[in-house]
Amino acid sequence: MLLKQLQITNFRNLKNVEFTPIQGVNLIWGDNASGKTSLLEAIYYLSHVRSFRTQHVSDLILRQTPYLQLVASIQSSDQQAIPLGIRRSLNKSQIRVNKQPIKRVSDIAAQFPVLAIHPDSYKLITGSPSERRQYLDWGVFHVEHGFFRAWQRFKKALMQRNAALKSKQKHNICQLWNTEISNTAHYIDQLRHNYFEKLKPYFNHLTEQFFLDDIVSIEYRRGWTKDKDIIQLLEENIQKDRLKGFTSYGPHRAEIIIKVNGQSAQTGISRGQQKTLVALMRLAQAMQFTEATNKPCVLLYDDLPAELDINHRQLILSVLSSMNIQLFLTAIEKQQIDLSAWPIKKMFHVEHGRLITKS
Ligand SMILES: Nc1ncnc2c1ncn2[C@@H]1O[C@H](COP(=O)(O)OP(=O)(O)OP(=O)(O)O)[C@@H](O)[C@H]1O
Ligand SMILES: [Mg+2]
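All of these numbers come straight from a predicted model, not from anything done at the bench.

Reading the values: rules and limits
Residues numbered from 1 in each chain as written. Chains lettered and ligands numbered in written order. Predicted model: local features only at pLDDT ≥ 70, side-chain atom pairs only at ≥ 80, totals over all residues. Helix = DSSP H or I, 4+ residues; strand = E, 2+ residues; numbered from the N terminus. Rg over C-alpha atoms; globule rule 2.2 N^0.38 Å. Contact = placed C-beta atoms within 7 Å. Domains from an automatic or database assignment. Nonpolar A, V, L, I, M, F, W, Y, C, P; charged D, E, K, R; others polar. Pairing = 2+ DSSP bridges. Axes fitted to C-alpha atoms, helices over the stretch in contact; angles between N-to-C directions. Buried ≥ 20, exposed ≤ 12 C-beta atoms within 10 Å, placed from the backbone. Near = placed C-beta within 6 Å. Core = buried A, V, L, I, M, F, W, Y, C linked by C-beta atoms within 7 Å. Parallel < 35°, antiparallel > 145°, perpendicular 65-115°, else oblique. Left-handed = near helix turned anticlockwise from the far one by under 90°.

1. Notes on the overall build of the chain
Looking only at helices and strands, one finds 13 helices and 15 strands in the chain. What you see for the chain is a C-alpha radius of gyration of 22 Å, in line with the 21 Å of a compact globule of 359 residues. Seen through its principal axes, the chain has C-alpha atoms that stretch 65 × 50 × 40 Å. Taking all contacts inside the chain whose residues are at least 6 apart in sequence as the whole, residues at least 24 apart take part in 73%.

Here is the structure:
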């Protein structure tokens, strides 16, 4: 679960970079446009097979080159070295874990859990509910077994039901998938609920330290009416669903509601407060993960000095230094981040897409 080595080829402005981080804290510093975010993005890509900045692979491949490649060695919790590799061209993707080709992105994600906090992360609060479902499901996937299969089954049944609704099939045809949806929905809700209940104490403990004068609350909503059975809702709303062309209730409509002093965090707090809250949501997730699984995970924190004021920055650094994670931080100047709380650290300087190890 630790990144031991990464060879980056043609990823953004990183043409050929060899990166050997340490287990504790790794600080990457350099001027604007040197390639700091790209380096974190490459690590993230290795785990998620997507970027946190773009949906288009064409943005990621170094211009005028045919493909990007990431070859890594990660260390599993039982000290085994596991090779991971991704080669991505515009129309072809090859992923290898332990030298074996794999088809499902989840197979690489399971080997290498990575969380990121970056300047656009506030969208976790201001963006659509799907962002918050993704947040929740990262943890459910890594902590609660059985989630991935249940989700695949649910998604398949939902797609088929929605296709029937859209093409205005008869009621009895549209209802065919209700049982499968209902069974998987219950299971998904149960796993999400379990995970959320484990996550909440970590989140609450952090927000109490950072929001001294405010009351922050977080709540999970499963995607269908409280005290009602999903199968009943599917049956009752079939006419409405046929008109809309999609299924109104289910785990695909789940949501996380965050409030500060009773007001929605989407509209009631400052951007800086939103950024702090999102950082705490991710830290809570990393803490819960490492304690529940007894394995470290990777946390990427892009541009920390630009994100937080000096008090919050110090507080976050002190929380980070107490966590069992492999941490990657970026800054423009290395003096902007006080790493005195870490006994060992490694520094990297990025200059025009080249990486120079400093210590
Ligand atoms: N596909 C690509 N091919 C080549 N260069 C690219 C590609 N995509 C982005 N770049 C360039 O890579 C450079 C590094 O970008 P990056 O966002 O990593 O910089 P940064 O060090 O994080 O800067 P900042 O401090 O401003 O956040 C930029 O100049 C960007 O224009
Ligand atoms: Mg950047």
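The structure having been displayed, the exposition proceeds.
2. Here's the deal with the domain arrangement of the chain
We note that the domain assignment places domain 1 (1-113 + 295-359) and domain 2 (127-293) within the chain. The C-alpha centroid of domain 2 is placed 28 Å from the C-alpha centroid of domain 1. At the interface, 16 residues of domain 1 touch 14 residues of domain 2. Mapped onto the side of domain 1 that touches domain 2, the elements with two or more residues apiece are strand S12 (297-301) and helix H13 (310-321). Per element, the largest residue contribution to the side of domain 1 that touches domain 2 is four residues, and it comes from H13. Tallied by class, the residues present in the side of domain 1 that touches domain 2 amount to ten nonpolar, three polar and three charged.

3. Quick word on the sheet that holds strand S5 (residues 81-89)
Spatially, S2-S1-S4-S5-S6-S7 is the arrangement adopted by the six strands of the open sheet, whose pairing is antiparallel. Only two strands of the sheet have a single neighbouring strand rather than two, namely strand S2 (14-19) and strand S7 (100-102). Pairwise comparison of adjacent strand axes, ignoring direction, gives a mean angle of 20° for this sheet. Taken together, the seven bridges between strand S1 (residues 2-11) and strand S4 (residues 67-75) define a ladder with antiparallel strand orientation. Following the sheet pairing, Leu 3 is matched in S4 by Ile 74. Of the strands in this sheet, S1, S2, S4 and S5 touch helix H1 (residues 36-48), which is tilted by about 110° from S1.

4. Topic: the pairing of strand S8 (residues 114-117)
Both faces of S8 are covered, namely the face carrying Val 114 and Ala 116 and the face carrying Leu 115 and Ile 117. One ladder, built from four bridges, connects S8 with S12; its direction is parallel. Its bridge partner being in S12, Ala 116 is matched across the sheet by Leu 300.

5. Focus: unusual backbone geometry
Glycine aside, residues mostly have negative phi, and peptide bonds are mostly found in the trans state. Backbone geometry places Asn 261, a non-glycine residue, at a positive phi of 50°. Among the secondary structure elements, Asn 261 is positioned in the loop between strand S10 (255-260) and strand S11 (263-264). According to the C-beta neighbour criterion, Asn 261 is partly exposed, with 13 such atoms within 10 Å. One non-glycine residue, Asn 294, adopts positive backbone phi at about 60°.

6. Quick notes on the sheet that holds S10
Spatial ordering of the open sheet is given by S9-S10-S11, a layout of three strands whose pairing is antiparallel. Edge positions in the sheet fall to strand S9 (216-221) and S11, since each has one partner strand and no second.

7. Structural notes on the site of ligand 1
Within the structure, ligand 1 sits among 15 residues, and Asn 13, Asn 32, Ala 33, Thr 37 and Ser 38 are positioned closest to it. Tallying contributions element by element places H1 first for the shell around ligand 1, with three residues. The class makeup of the residues in the shell around ligand 1 is four nonpolar, seven polar and four charged.

8. A look at the nonpolar core
Grouped burial of nonpolar side chains is what soluble globular proteins tend to show. Ranked by size, the top nonpolar core spans 88 residues in total, and within it Ala 42, Ile 43 and Leu 300 carry the most contacts. By residue number, the principal contributor to this core is helix H11 (residues 271-293), which donates ten residues. Looking at which domains feed residues into this core, each of domain 1 (1-113 + 295-359) and domain 2 (127-293) gives three or more. Sequence-distant contacts of Ala 42, that is, excluding residues within four places in its chain, are made with Leu 6, Ile 8, Phe 11, Leu 14 and Leu 70.

9. Focus: the pairing of strand S13 (residues 325-331)
Counting buried residues along S13, six of its seven residues qualify, which places the element largely inside the surrounding structure. Bridging between strand S3 (residues 25-29) and S13 involves five bridges; their strand directions are parallel. What sits directly across from Trp 29, in S13, is Ala 331. Bridge count between S12 and S13: five bridges; the pairing is parallel. Note that in S13 the partner of Val 298 across the bridge is Gln 326.

10. Topic: the packing of helix H8 (residues 178-210) against H11
Viewed as axis vectors pointing N to C, H8 and H11 meet at an angle of 135°, and their least axial separation amounts to 8 Å. Comparing their axes, H11 and H8 come out oblique. Of the two elements, H8 crosses H11, and the hand of that crossing is right-handed. Between H8, through Lys 198, Leu 199, Tyr 202, Phe 203, Leu 206, Thr 207 and Phe 210, and H11, the contact on the second element is made entirely by Thr 276, Leu 280, Met 281, Leu 283, Ala 284, Gln 285, Met 287, Gln 288 and Ala 292.

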